[in-house]
Amino acid sequence: MTGHVSLRAEAGPLLAVRNLTTSFQQDGLWTPVLRDISFDIGRSETVAVVGESGSGKSVTAMSIMQLLPRSTSRIEGQILFEGNDLLALPDAEMRKIRGNRIAMIFQESSLNPVYTVGFHMVETLRRHRGFSAAQARKEAVRLLDRVRIPSAASRLDDYAHQFSGGMRQRVMIAIALACKPRLLIADEPTTALDVTIQAQILELIKELQDQDDMSVMFITHDMGVVAEISDRTVVMYHGNAVEEGPTSQIFSSPQAPYTRALLAAVPRLGSMRGLQDPLRFPVVSKKTGLAEPVPASVPTVDPAAKPILEVRNLVTRFDIKGGTFGGLTGRVHAVENVSFDLRPGETLSLVGESGCGKSTTGRSIMRLTQPSSGQIIVEGTEMSALNRNGLRQMRKQVQMIFQDPVASLNARMTIGEAITEPFLAHRMGTRSQARDKAADLLERVGLRADMLNRLPHEFSGGQRQRISLARALILDPKLIVADESVSALDVSVKAQVVNLLLELQERLGLSYLFISHDMAVVERVSHRVAVMYLGEIVEIGPRDRVFSDPQHPYTKKLISAVPISDPERRNIRNGLSNDEIKSPIRPINFVPPQRDYAEVSPGHLVMKDAAVSVGPIKRTRP
Amino acid sequence: MSDTDFQAGPVAMPVRAGSFKTLMRSFRRAPAALLALIVLSIILLVALSAPFLAPQNPYDLLQLDIMDGLLPPGSEALGRDLVYMLGTDGQGRDMLSAIMYGLRISLFVGIVSAITAALIGATIGLIAAYTGGRTESLIMRIVDLQLSFPSILVALMILAFLGKGVANVVLALVIVEWATYARTARGSALVETRREYIEAAVCLGVPTWRVLLRHLLPNSLSPLIVIGTVQIARAIALEATLSFLGLGVPVTEPSLGLLISNGYQYMLSGQYWMSFYPGIALLITIVAINMVGDHLRETFNPRGQA
């Protein structure tokens, strides 16, 4: 690093954005979506641009790259890259900069599925750097090696679908690096990835940046990622850059009210240590930056009460058919011998990475997926023994909230119709009673009763999730299965919906089965936590015990991979790992091993036999 | 409860393609499609009000004069204040009036058969998509079988069995066409069935028939409307073919196809108008419907898939 310091001093910033204003044309009107944005990116510096959806962070990147359609967008201001104003450059010159001097990576990999990974790389290298075919191939292998793709030479001829999500993102980074760019713009590159994979990619970007002396503009919505990666941070809100400064300063003494509100809404792992009950997020006004006091948590669980939900030895497997005659070739052991209890007023969280079976467990309880074996007992009644009608009745007790606030409401029904439909379907009362109850519930979830006649598209994501909640509550359920219900929401909206869930739990004594991959939110909302890995529960216990004293290696790994909202730890390099998430696909004759659990403290069970390989543990928390 | 997430207000979402306003706006942007829509509206209007617009009732024998037979376009009627704009046929029937009345039959047969086939096909397709498994396989194999026969052949066989008649033609067309709707409905419903609002409805204990009718059907409708339009044109053409071959509608209720067939024998003797003008009317109708249908497909289906 020392060699570059002088370089940084002698020249100005690599990229200087001055008074950038971008407008989009809509119905003949020019509406500004970015207003007067100015910031610098120094040489070998990482600048995070952070904001919620619609804040204009991606438009900023697109403006710099001039990837916006000319006819419907207008960019004003200056974008100085190495001293040249990009906005004044002719198209041909800009093309030379794009990809060569400034490279970009996106959330989804943009690999063409019909070409091999090697083809993409060789093509880029030959076109941009004038290599011969053989040279380009050699260079491609070297680049794949640099992004730590195991046995790079042999993987060059693989297609995009043969790589996992994390590996595809590595390939994208390798392609971006092919032309030795001075600036890498990364637009939410880790958002679609699991937390352990995200940690790997962040580590990789940091390492490559050190080696190549490259600047990075990192666009993200995740404050944890910001703290982990950036030197300086630009906070965006509604098209304005509301605050800019060194990351540590933004975190330690945020100035703008919006930044304060945003930081208050960011769940921080470890902030709940020593607390037994879930705690609401502090609410900070985006206008004034002042915090409202957090209501103290109310104990909602009666330890002596009979469980409302008992799951015993639940197994759900899916057949994989293949071959010429469609014979059985294997099985996905999505859920394998899972047992747990849930008491009234309690929140049990199922956590784990993609493919660990947490969603399938929830869906099996709802009978959206038919379990292969095991018992699901709701209030003492065994679900599998019920006929169609009994199942419909039972579904009144157990409700589900889905992940996607857009997809979970029928776009062609008003929300009034949507909320009253189940009430009427179960003949719980008259039409006017249904409407009264729906109006009441809407107010309860923080909306207005006069919104009943609106259609779902008139609402924002957070509001729709409230509507889904109101719809579930109209049947007076006792248990709600929340399958990644807050994962798709922006940070501040997420905090509000979590607060609402906790408030409803206190008032109505609801039980939640909270399914999530987000460890920090889980820490906030749960009484107990079950960690799932490859379809099995590896550790289950009181939340405080699991988070402060994780026993199973996988739990430890999962917790350590969560980005920490503490910029002071940024310079700690954690070493790179290449572990991929394993898949629970097994051959037909696979017999799942018998598992034993050790009780390390009251109610805290850990799977014995750590023979399950989860890979090395890379980081430990101080 | 804080109200901060109201500040953003309702999110500006792209309006669903189903909205009537967007549809009209999209027509304004495509002049050719707009023209087709106008032409189609005129055709529909003419067909509906044929009894009031037509110079004579071509099937009221009292209004026909055999002496006026085989007159070329533009001739005047003998002893009456009537100009045969498009000529007359062998019985002295005004071709313009015959075409107007023929349009009624053609459009009636086309629209009724398309709507009936759509209702039956869509129901079967939705059931297949929603139930899945064996039922779905069975239904879809029947659909495949049906679609693998040339439709004209199937229709001919049915009509040969049932005999002539408007109702029989409609029935034959429904039998020929339901499978297309079933396949389309299944395809679009299959996408929707996996969406969370369907699962939400199931979890909420909404009865299956309601899930199908209130949730699945309205959301699977757009592609059905699109192929529906094109299928009307197809049905009209098929009916014309059948009538031309003499197996379609009876002589008492002639459609455009039958008019073409009737005039065909005079073609070689130079009296072209008896086949030519009904042919032109058929052509314009089908082209207009197809253009409107194509435009609907582009609007509803930006990726250009059929």
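Not measured: the values here are computed from a predicted model. (Residues numbered from 1 in each chain as written. Chains lettered and ligands numbered in written order. Predicted model: local features only at pLDDT ≥ 70, side-chain atom pairs only at ≥ 80, totals over all residues. Heavy atoms only, no water.)

**Some words on the overall build of chain A**
Assigned secondary structure in chain A consists of 20 helices and 23 strands. Its C-alpha atoms give chain A a radius of gyration of 26 Å, near enough to 25 Å, the size a compact globule of 622 residues would have. For chain A, the C-alpha atoms occupy an extent of roughly 75 × 60 × 50 Å along the three principal directions. Residues classed as buried in chain A amount to 55% of the 622 residues present. Sequence separation of 24 or more characterises 70% of the internal contacts of chain A that already satisfy a separation of 6 or more. Accessible surface, chain A: about 25200 Å² in total, of which carbon and sulfur atoms supply 50%. Of the charged side chains in chain A, 75 are positive and 68 negative, and the gap between their average positions amounts to 3 Å. (Helix = DSSP H or I, 4+ residues; strand = E, 2+ residues; numbered from the N terminus. Rg over C-alpha atoms; globule rule 2.2 N^0.38 Å. Buried < 20%, exposed > 50% of the residue type's maximum accessible area, 1.4 Å probe, protein only. Contact = heavy atoms within 4.5 Å. Areas by Shrake-Rupley, 256 points an atom, 1.4 Å probe, with all protein chains shown as cover. Lys, Arg positive; Asp, Glu negative; His and termini not counted. Charge placed at Lys NZ, Arg CZ, Asp CG, Glu CD.)

**Observations concerning the sheet that holds strand 18 (residues 511-516) of chain A**
Sheet strands associate in pairs through backbone hydrogen bonding, adopting either a parallel or an antiparallel arrangement. Residues and elements named next belong to chain A. Pairing is mixed in the open sheet, where 8 strands are placed in the order 16-17-18-13-19-20-23-22. Lying at the two open borders of the sheet, with one neighbouring strand each, are strand 16 (398-401) and strand 22 (597-601). Averaged over all pairs of adjacent strands, the angle between their axes in this sheet comes to 20°, without regard to strand direction. The pairing of strand 19 (residues 528-533) with strand 20 (residues 536-542) spans 6 bridges and is antiparallel. Across the sheet, Ala530 pairs through a bridge with Ile540, a residue of strand 20. Running at roughly 145° to strand 18, helix 12 (residues 358-366) makes contact with strand 13 (347-351), strand 16, strand 17 (479-483), strand 18 and strand 19 of the sheet. Those strands touched by helix 16 (residues 461-473) are strand 16 and strand 17, and its axis lies near 170° from that of strand 16. (Pairing = 2+ DSSP bridges. Axes fitted to C-alpha atoms, helices over the stretch in contact; angles between N-to-C directions.)

**Focus on the UniProt feature "domain: ABC transporter" (unreviewed entry) in chain A**
Within the UniProt annotation, "domain: ABC transporter" (unreviewed entry) is assigned to residues 15-263 and 309-559 of chain A. In the segment residues 15-263 of chain A, helix accounts for 39% and strand for 28%; the C-alpha atoms at its two ends are 27 Å apart. (UniProt positions renumbered as here; feature names shortened; annotations may be inferred.)

**Focus: the interface of chain A and chain B**
Listed per partner, the contact involves 45 residues of chain A and 30 residues of chain B. A combined buried area of about 3400 Å² lies between chain A and chain B, and 54% of that area is made up of carbon and sulfur atoms. For chain A, the biggest contributors to the area lost against chain B are A:Asn410, A:Arg412 and A:Glu421; these three give 18% of the whole. In this structure, the connection of chain A to chain B is made through 3 salt bridges. Taking the shortest distance from any N to any O, the salt bridge between A:Arg363 and B:Glu199 comes out at 2.6 Å. If you list the elements that add at least two residues to the side of chain A that touches chain B, you get helix 12, helix 13 (388-397), strand 16, helix 14 (415-425), helix 16 and helix 17 (491-508) of chain A. (Buried area = accessible area lost by both parts, 1.4 Å probe. Salt bridge = Lys/Arg side-chain N within 4 Å of Asp/Glu carboxyl O.)

**Points about helix 2 (residues 31-48) of chain B**
Note on helix geometry: an α-helix contains 3.6 residues per turn, so any two residues three or four positions apart are oriented the same way. Residues and elements named next belong to chain B. With 18 residues, helix 2 ought to run about 26 Å at 1.5 Å a step, and its terminal C-alpha atoms sit 25 Å apart, in line with that. If you check which residues of helix 2 are buried, you get Ala33, Ala36, Leu40, Ile43 and Ala47. The arc enclosing the buried residues of helix 2, seen along the axis, measures out at 80°, which places them on a common side. Exposed and facing more than 90 degrees away from the buried side of helix 2 are Pro31, Leu35 and Leu45. For helix 2, the secondary structure elements touched by its buried residues are helix 1 (20-29), helix 3 (50-53), helix 4 (95-131) and helix 12 (273-300). (Expected span 1.5 Å × (residues − 1). Arc of directions from axis to C-beta.)

**Let's talk about the UniProt feature "transmembrane region" (unreviewed entry) in chain B**
Residues and elements named next belong to chain B. Per the UniProt record, "transmembrane region" (unreviewed entry) is found at residues 32-54, 105-131, 152-176, 225-252 and 272-293. The annotated region residues 32-54 carries 91% helix and 0% strand content, and the separation between its end C-alpha atoms amounts to 28 Å. End-to-end, the C-alpha atoms of residues 272-293 are 31 Å apart, and along that stretch the chain is 95% helix and 0% strand.

**Regarding the confidence of the model for chain B**
Residues and elements named next belong to chain B. The predicted model of chain B has a mean per-residue pLDDT of 84, with 92% of residues at 70 or higher. A low-confidence stretch, residues 1-18 stays under pLDDT 50, and its non-local contacts, those more than four residues away or across chains, total 36 contacts. Within the model, the stretch residues 302-306 combines pLDDT values under 50 with 3 contacts to residues more than four positions away or in other chains. Here the complex is predicted with pTM 0.79, and the ipTM for its interfaces comes to 0.75. (pLDDT = per-residue confidence, 0-100.)

**Quick look at the pairing of strand 8 (residues 215-220) of chain A**
Looking down a regular strand, the side chains alternate between one sheet face and the other. Residue and element names in this part refer to chain A. Of all 6 residues in strand 8, 6 are buried, a share of seventy percent or more. Side-chain alternation along strand 8 places Ser215, Met217 and Ile219 on one buried face and Val216, Phe218 and Thr220 on a second face that is also buried. Summarising the sheet, strand 3 (residues 46-50) and strand 8 pair through 5 bridges and their orientation is parallel. Looking across to strand 8, one finds that Val50 is bridged to Thr220. Here strand 7 (residues 183-187) runs beside strand 8; their pairing, made up of 5 bridges, is parallel. In the strand pairing of strand 8, Leu183 is matched with Ser215. Handedness of the crossover joining strand 7 and strand 8 through helix 8 (residues 195-212): right-handed. (Right-handed = clockwise from strand over helix to strand, strands pointing away.)

**Some remarks on helix 20 (residues 553-561) of chain A**
Residue and element names in this part refer to chain A. Burial analysis of helix 20 places 8 of its 9 residues in the buried class, which makes it a mostly covered element. For helix 20, the set of buried residues is Pro553, Tyr554, Thr555, Lys557, Leu558, Ile559, Ser560 and Ala561. In this fold, the buried residues of helix 20 make contact with helix 8, strand 13, helix 18 (519-525), strand 19, strand 20 and helix 19 (543-548).

**Brief notes about the pairing of strand 7 of chain A**
Residues and elements named next belong to chain A. Burial runs high along strand 7: 5 of the 5 residues are buried. Alternating positions in strand 7 separate into two faces, Leu183, Ile185 and Asp187 on one and Leu184 and Ala186 on the other, with burial throughout. Relative to strand 7, strand 6 (residues 102-105) runs parallel, the two being bridged by 4 bridges. The residue bridging Ala103 from the neighbouring strand is Leu184, located in strand 7.

**Considerations on the nonpolar core**
Nonpolar side chains in soluble globular proteins tend to be buried together. If you look at the biggest cluster of nonpolar residues, it comprises 86 residues, and the most contacted ones within it are A:Met223, A:Leu442, A:Leu469, A:Phe514, A:Met519 and A:Val531. Apart from residues lying up to four places away in sequence, A:Met519 is in contact with A:Leu269, A:Val351, A:Phe547, A:Leu558, A:Ile559 and A:Val562. In terms of nonpolar packing, the next biggest core, distinct from the first, is built from 56 residues, B:Leu23, B:Ile43, B:Leu86 and B:Ile99 among them. (Core = buried A, V, L, I, M, F, W, Y, C linked by side-chain atoms within 4.5 Å.)

**Thoughts on a nonpolar patch on the surface**
All names here are of chain B. Among the surface-exposed residues, Phe244, Leu245, Tyr264, Met267, Leu268, Tyr272, Phe276, Ile280, Leu283, Ile284, Val287 and Met291 lie close enough to one another that they form a single nonpolar patch of about 1200 Å² accessible area. Broken down by element, the nonpolar patch gets its largest block of residues, 6 residues, from helix 12. Checked against the element boundaries, Tyr264 lands in helix 11 (residues 256-264). What makes Tyr264 exposed here is its relative accessible area of 52%. (Patch = residues over 30% accessible without salt bridge, like charges linked within 9 Å, V, L, I, M, F, W, Y side chains within 5 Å.)

**Here's the deal with the UniProt feature "domain: ABC transmembrane type-1" (unreviewed entry) in chain B**
When the UniProt feature table is mapped to this numbering, "domain: ABC transmembrane type-1" (unreviewed entry) covers residues 103-293 of chain B. Structurally, residues 103-293 of chain B is divided into 83% helix and 0% strand, and its ends, taken at the C-alpha atoms, are 19 Å apart.

**Examining the sheet that holds strand 2 (residues 29-41) of chain A**
Residues and elements named next belong to chain A. Spatially, 2-1-4-5 is the arrangement adopted by the 4 strands of the open sheet, whose pairing is antiparallel. The outermost strands of the open sheet, each flanked by one partner alone, are strand 2 and strand 5 (84-85). Pairing geometry for strand 4 (residues 73-81) and strand 5, over 2 bridges, is antiparallel. Considered in strand 5, the bridge of Phe81 is made with Asn84.

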